[in-house]
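Commentary on secondary and tertiary structure
Next come the chains, spelled out residue by residue.
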Amino acid sequence: MDKAKSFDISKQQVFQAYEQVKAKRGAAGIDEVSLKAFEENLKDNLYKIWNRLASGSYFPPAVKAVEIPKKNGGVRVLGIPTVADRIAQMVIKNSFEDKVEGFFLPDSYGYRPNKSAHDALEITRTRCWKSNWVLEFDIVGLFDNIDHELLIKAVEHHTKSKWELLYIKRWLKAPSQKESGEVISRENGVPQGGVISPVLANLFMHYAFDQWMEDKFPKNPWCRYADDAIIHCKTLEEAKAIKKELKRRLENCKLELHPEKTKIIYCKDSNRRRNYQNIQFTFLGYTFKPRKAKGKNGNSFTSFLPAISAKARKHIYQTIREWRILWMTNKEITEIADMYNPIIQGWLNYYGKFGKRELTKVLEHINRYLVKWLRRKYRKFKTKRKDAEKYLKTIAKYGDGLFAHWKVGIKPS
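Thresholds applied
Residues numbered from 1 in each chain as written. Predicted model: local features only at pLDDT ≥ 70, side-chain atom pairs only at ≥ 80, totals over all residues. Heavy atoms only, no water. Core = buried A, V, L, I, M, F, W, Y, C linked by side-chain atoms within 4.5 Å. Buried < 20%, exposed > 50% of the residue type's maximum accessible area, 1.4 Å probe, protein only. Helix = DSSP H or I, 4+ residues; strand = E, 2+ residues; numbered from the N terminus. Contact = heavy atoms within 4.5 Å. Pairing = 2+ DSSP bridges. 1 Å grid on protein atoms, 1.4 Å probe; cavity = no way out; pocket = protein on both sides within 12 Å on 5 of 7 lines; lining within 4 Å. Points joined across faces, edges and corners; volume = space filled by probe spheres on them. Nonpolar A, V, L, I, M, F, W, Y, C, P; charged D, E, K, R; others polar. Axes fitted to C-alpha atoms, helices over the stretch in contact; angles between N-to-C directions.

Some remarks on the nonpolar core
The biggest cluster of nonpolar side chains holds 69 residues, and the ones touching the most others in it are Ile 87, Leu 200 and Ile 231. It is helix α9 (residues 197-216) that contributes the most residues to this core, 10 residues altogether. Residues within four places of Ile 87 in sequence aside, it is in contact with Val 14, Ala 17, Tyr 18, Val 21, Phe 38, Leu 46 and Ile 49. With 54 residues, the next largest nonpolar core counts Ile 230, Leu 284, Ile 333 and Ile 366 among its residues.

Thoughts on the sheet that holds strand β4 (residues 176-177)
Overall, mixed pairing links the four strands, which are arranged β2-β1-β4-β5 in an open sheet. Each end of this open sheet is capped by a strand with a single partner; those strands are β2 (75-80) and β5 (183-184). The pairing of strand β1 (residues 63-69) with β4 spans two bridges and is classified as parallel. Along β4, the bridge assignment pairs Lys 64 with Gln 177.

Points about the layout of surface pockets
By volume, the second largest pocket amounts to about 370 Å³. Around the second largest pocket, the lining is made up of 15 residues, and of these Arg 291, Lys 292, Leu 305, Gly 355 and Arg 357 lie nearest the centre. Per-element tally for the lining of the second largest pocket: the top contributor is strand β10 (residues 286-294), with five residues. A class-by-class count of the residues in the lining of the second largest pocket yields seven nonpolar, one polar and seven charged.

Some points on the sheet that holds strand β6 (residues 222-225)
Read across the sheet, four strands follow the order β6-β7-β3-β8 without closing on themselves; strand pairing throughout is antiparallel. The open sheet is flanked by β6 and β8 (263-266), the only strands paired with a single partner. Here the average twist between neighbouring strands, direction ignored, is 20°. Pairing of strand β3 (residues 133-138) with β8, which is carried by four bridges, proceeds in the antiparallel orientation. Bridge pairing in β8 places Val 134 opposite Ile 265. The sheet strands contacting helix α5 (residues 117-130) are β3, β6 and β7 (228-233), and the helix crosses β6 at an angle near 160°. Helix-sheet contacts for α9 involve β3, β6 and β7, and the interaxial angle to β6 is about 175°.

This is the structure in C-alpha cells:
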C-alpha cells in the first residue's frame, strides 16, 4: 500500500490525463523524450508523476521555447512542456476547468468544450447583419503579459484546493529554455503551448473583458476567441466611446490595446451606403467585407459576408509551393494525393465553412501544379499543355475521390 499522501490525487486521474495527452500527440520537451519513448516505461513514468503530484513534490521543468513563423511575418514563441509535464498539467486542468467553465459566458468561444471557431464566426456573421459597426480589437501579447498577481486572485476566487493553487503557481513561474540552452525566467504571462494555459487565459479575460462588457455595455454583443475579439455597435459614436473605455479597462488590468490593429469598421452592404475608410475586418482567418450575393429570387445584392482571408490564402499558396510537386516525377499521382490529402481536407474543413467560392480559387492552384507535374513526368505532355489538362480531367472524372478537393467539386477545368 502507498503511504498517505498530502493531496487527494488518484492514479486514475493521472492515467486519464495520459490518455488525453496521447490523443493530442505533440512534440518532445527539453528532455527530448517523445511520447513513444515515454510509453516504453509507461507504468513507472505514470507512477512517478502521481507520486510527486500527490506528495506536493512535483516541480515543473522549463518549457522548450520554439519559434513558430506567423502567417503575416515575425514569429510566435511556443512553450512546449515535456510529455510528463503535459500529463501533470492535464491532471490540474481537468480538475480546475470543471470549477470555472460554468462561470464563463456564452460569447467566449476559445478553447472551450463544445464550442468552436466556426460557432464564433457564425454568430459574428449574423450580428454584422443587425449592427452597422464593429469594433475589432487586438491585445498586445496577451499570453506573454497576463499579470500573475491578478490571475492568482481570479484562481483563488474559484478554487480552495491547495494542490490546484500550488501547481498553478509553480507552472506560472516555470522558465523557458531556448535551443541554445539559455534559460529565461518568467515574471508575467502563461506559455503558449501549455496544457493549462488556455483555461487560465480565459479566466483572466473573463474578468478583464467578458464580465466587464456584460456589466458596462450590456446592449453591445461581443465575441471573443482567446485574444481575438470584436464588439458590435449601433453607431460610430458608440464604437468610439467603447474603444476609449476599453483602452482604460485593459490598462487597469495591465494589458495594452494594440494601437494599429484595433479598428472601427462599417459593415457596408446594399442598405448601408455611408462612406467610411474601414469596411472590412479579419477574424479567425476569415475576412468580413461587402461581397456580392444572390437572393432566393435570383436578384444580386451586396451583403457583409466572411470568406478566407488574404493572409490565409497567401499561407496556403506558399504551402503548396513548398510541397515541390513539380519535382516529384518519381512518384505516382496516387502517392501525391495520399501525402497531401490530410492537409487539403483540413483547409476544406476550416475555410470551406463560409465563402466557399473564395477557397475554390485557392485550391484550384493545386490542379494547375498537377498539370505542370504531368508535363514534367510524361514526355508526351512536355509541349502539350492542353493534352495534359485533358488527361488530368480524365483522372478526376474516373477517380473523383483521389484528391480531397476533387470530392467537393474543385476539379480540373
